[in-house]
Amino acid sequence: MKNVARFSLRYWFAWLVLFYGVWLFLILQGENLALALEHWSMALAMALGSYAAGSTPMGGGTVGFPVLVLFFDMPASLGRDFSFAVQSIGMVSASLFILCRRQQLAWSMLRGALLGSLLATPAGILLFAPLIPELWVKLSFAVLWGSFGIFHLYRLSEITDCEHAGDLQCPTDFRVGLLLGAFAGFCVVAVTGVGVDMLVYAALVLLSRVDLKVAIPTSVVIMAFCSVLGVIVKSLAGDWQPGVFGNWLAAAPVVALGAPLGVFVVSLLGRKPTLLIVAFLCVVQLVWTCMSESEAMKGYGGPLVILALLCCLAGFEWLRALGLRREQVRTPAATSGTTALESDSAGATVMEANGVVLPE
């Protein structure tokens with residue numbers, strides 16, 4: 001088995017050789033080396049972001065977006081486009097690493113999410129995202145991930161203690177994934193550059209009660225797919241924000257290794273400490289965003305942010321309640337099935353003891 005895994009990793013190493021070859025070719029062109037060195041701080045920030053991308057249900061853009069928008073005061077649209085660009089390397093690298101190691105994935109929901117996002121993400125990028133003001137993009141990102149952080153801070157033990165593998169072939173999960181992929185692709189990924197990974201992860205953990213060891217790698221794969229899709233659509237439309245290329249040149253060689261490193265390290269250390277730190281940072285960026293945009297949020301802005309935050313938390317709790325109900329329905333059925341098998345086994349033993357030969 002180890003030999004098979006070692007052989008499979010050759011494909012990941014081949015991807016790294018291909019990527020670094022292309023990156024070196026770009027660096028040697030014109031002033032690109034100076035451009036990459038100019039954005040060294042983004043490479044440093046994405047060292048943390050790429051680790052979080054591989055070890056949690058958060059894309060690397062979840063760190064890149066607030067760094068660009070909050071630290072460097074860049075437009076939110078630049079943060080979104082950078083998320084697409086950098087995740088198309090980091091998340092793809094982590095996904096290939098996951099697939100080469102043959103880690104278990106929730107294929108039923110993943111297939112649905114892939115199909116839904118394939119249909120909806122291009123439409124969202126081209127038709128919906130241009131209609132959203134910069135402030136709304138920034139606040140949407142802050143609220144979405146802030147609610148994710150708050151939920152994990154008070155439900156972390158329940159989430160991390162779940163060891164049930166879930167029903168990975170459940171046809172209901174395919175439909176759930178299809179709806180989530182379509183909704184997130186059109187309304188969330190197209191606007192912020194991230195989000196489908198978090199929603200699929202939440203549905204797997206809260207609704208399907210799937211183990212984190214399955215849910216998080218699944219979220220990594222769907223975010224990688226949406227990122228590549230975003231890069232393709234943005235490139236065909238010629239709609240990249242200025243400044244993306246320089247930040248990408250600096251960060252790409254870091255995330256190509258950092259995200260797979262997160263996948264590997266967290267399998268040894270466990271996810272609870274990492275999720276706790278990331279959840280705390282999600283709440284911090286929410287508070288920071290609200291403080292930095294306090295002037296623009298005067299009037300109805302503050303109450304609307306609070307209302308949106310409560311709606312997101314209510315959505316998480318609703319998924320959790322549905323998941324608990326499904327688990328209660330499934331458990332008696334499993335128990336009765338076990339009882340029936342035990343009864344059949346006991347009956348067979350009695351019949352054999354009486355000299356009755358059962359047909360095979």
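Reading guide: rules and limits
Residues numbered from 1 in each chain as written. Predicted model: local features only at pLDDT ≥ 70, side-chain atom pairs only at ≥ 80, totals over all residues. Heavy atoms only, no water. Helix = DSSP H or I, 4+ residues; strand = E, 2+ residues; numbered from the N terminus. Buried < 20%, exposed > 50% of the residue type's maximum accessible area, 1.4 Å probe, protein only. Contact = heavy atoms within 4.5 Å. Core = buried A, V, L, I, M, F, W, Y, C linked by side-chain atoms within 4.5 Å. Salt bridge = Lys/Arg side-chain N within 4 Å of Asp/Glu carboxyl O. 1 Å grid on protein atoms, 1.4 Å probe; cavity = no way out; pocket = protein on both sides within 12 Å on 5 of 7 lines; lining within 4 Å. Points joined across faces, edges and corners; volume = space filled by probe spheres on them. Polar contact = N/O pair within 3.5 Å; in protein donor to acceptor, adjacent residues only side chain to side chain. pLDDT = per-residue confidence, 0-100. Expected span 1.5 Å × (residues − 1). Bend = angle between axes of the 7 residues up to and from the residue. Nonpolar A, V, L, I, M, F, W, Y, C, P; charged D, E, K, R; others polar.

1. A few points about the overall build of the chain
- Scanning the chain for helices and strands turns up 13 helices and zero strands.
- Element order for the chain, N to C, with α for helix and β for strand: α-α-α-α-α-α-α-α-α-α-α-α-α.
- Each of the 360 residues in the chain was classed as buried or not, and the buried ones make up 51%.
- Nonlocal contacts in the chain, meaning residues at least 24 apart in sequence, comprise 87% of its contacts between residues at least 6 apart.

2. Overview of the nonpolar core
- Among the nonpolar cores identified, the biggest contains 94 residues, and Phe19, Ile89, Trp145, Val196, Tyr201 and Trp248 are the most heavily contacted of them.
- With 13 residues, the top contributor of residues to this core is helix α5 (residues 76-100).
- Once residues within four sequence positions are removed from consideration, isoleucine 89 is found in contact with Trp15, Phe19, Trp248, Ala252, Val255 and Ala256.

3. Overview of the pattern of salt bridges
- Within this structure, the stated rule accounts for 11 salt bridges.
- Between arginine 209 and glutamate 158 there is a salt bridge, and its shortest N-O distance comes to 3.4 Å. Here arginine 209, found in the loop between α9 (196-207) and α10 (212-237), pairs with glutamate 158, found in helix α7 (residues 134-161); they are 51 residues apart in sequence, far enough to count as distant.
- When its relative accessible area of 27% is taken as the criterion, glutamate 158 is described as partly exposed.

4. Focus on the layout of surface pockets
- Approximately 900 Å³ is the volume attributed to the largest pocket.
- If you trace the largest pocket, you find 32 residues lining it, with Ser140, Val143, Leu144, Ala308 and Cys312 closest to the centre.
- Listed by contribution, the elements that provide at least two residues to the lining of the largest pocket are α7, α8 (171-192), α9 and α13 (301-353).
- The leading source of residues in the lining of the largest pocket is α13, at 10 residues.
- Roughly 480 Å³ of volume is contained in the second largest pocket.

5. Section: the side chain of serine 147
- Note on placement: serine 147 falls in helix α7.
- A distance of 2.7 Å separates a polar side-chain atom of serine 147 from the backbone oxygen of leucine 144.
- Beyond its immediate chain neighbours, meaning those up to four positions away, serine 147 contacts Leu309, Cys312, Leu313 and Phe316.

6. Looking at the side chain of arginine 320
- Here arginine 320 lies in helix α13.
- Of note is the side chain of arginine 320, whose polar atom sits 2.9 Å from the side chain of glutamate 158.
- Not counting residues up to four positions away in its chain, the partners in contact with arginine 320 are Arg155, Glu158, Leu206 and Arg209.

7. With respect to unusual backbone geometry
- Positive phi values are uncommon outside glycine, yet aspartate 73 reaches one of about 55°.
- By the secondary structure assignment, aspartate 73 is in the loop between α4 (61-71) and α5.
- For aspartate 73, a relative accessible area of 63% corresponds to the exposed category.

8. Considering the environment of serine 140
- One can find serine 140 in helix α7.
- Expressed as a C-alpha distance, the spacing of serine 140 and valine 305, which sit 165 residues apart in the sequence, is 8.8 Å.
- Reaching out from serine 140, the side chain makes a polar contact with the backbone oxygen of tryptophan 136 at a distance of 2.6 Å.

9. Some thoughts on the confidence of the model for the chain
- In the predicted model, the chain carries a mean pLDDT of 85, and 86% of its residues have values of at least 70.
- Across the chain, helix α6 (residues 107-128) holds the top mean pLDDT of 96, while α13 sits lowest at 71.
- Predicted confidence for residues 337-360 stays below pLDDT 50, and this span has four contacts to residues more than four positions away or in other chains.

10. A few points about helix α3 (residues 40-55)
- Counted at 1.5 Å a residue, the expected span for α3 with its 16 residues is 22 Å, and the 23 Å between its end C-alpha atoms agrees.
- At methionine 46, α3 shows its maximal kink, close to 30°.
- If you check which residues of α3 are buried, you get Met42, Ala43, Ala45, Met46, Gly49, Ser50, Ala52, Ala53, Gly54 and Ser55.

11. Here's the deal with empty space enclosed by the protein
- By the definition in use, this model includes two cavities of 30 Å³ or more.
- Reported here for the largest cavity is a volume of approximately 40 Å³.
- In this structure, the largest cavity is lined by Met46, Ser50, Ala53, Gly60, Val86, Gln87, Gly90, Met91, Val255 and Ala259.
- Secondary structure elements with two or more residues in the lining of the largest cavity: α3, α5 and α11 (244-269).
- With four residues, the top contributor of residues to the lining of the largest cavity is α5.
- Across the lining of the largest cavity, the residue classes tally to six nonpolar, four polar and no charged.
- Of the volumes computed, that of the second largest cavity is approximately 30 Å³.
- Every element with two or more residues in the lining of the second largest cavity is listed here: α4, α7 and α12 (272-292).
- Of the residues in the lining of the second largest cavity, the class split is six nonpolar, two polar and one charged.

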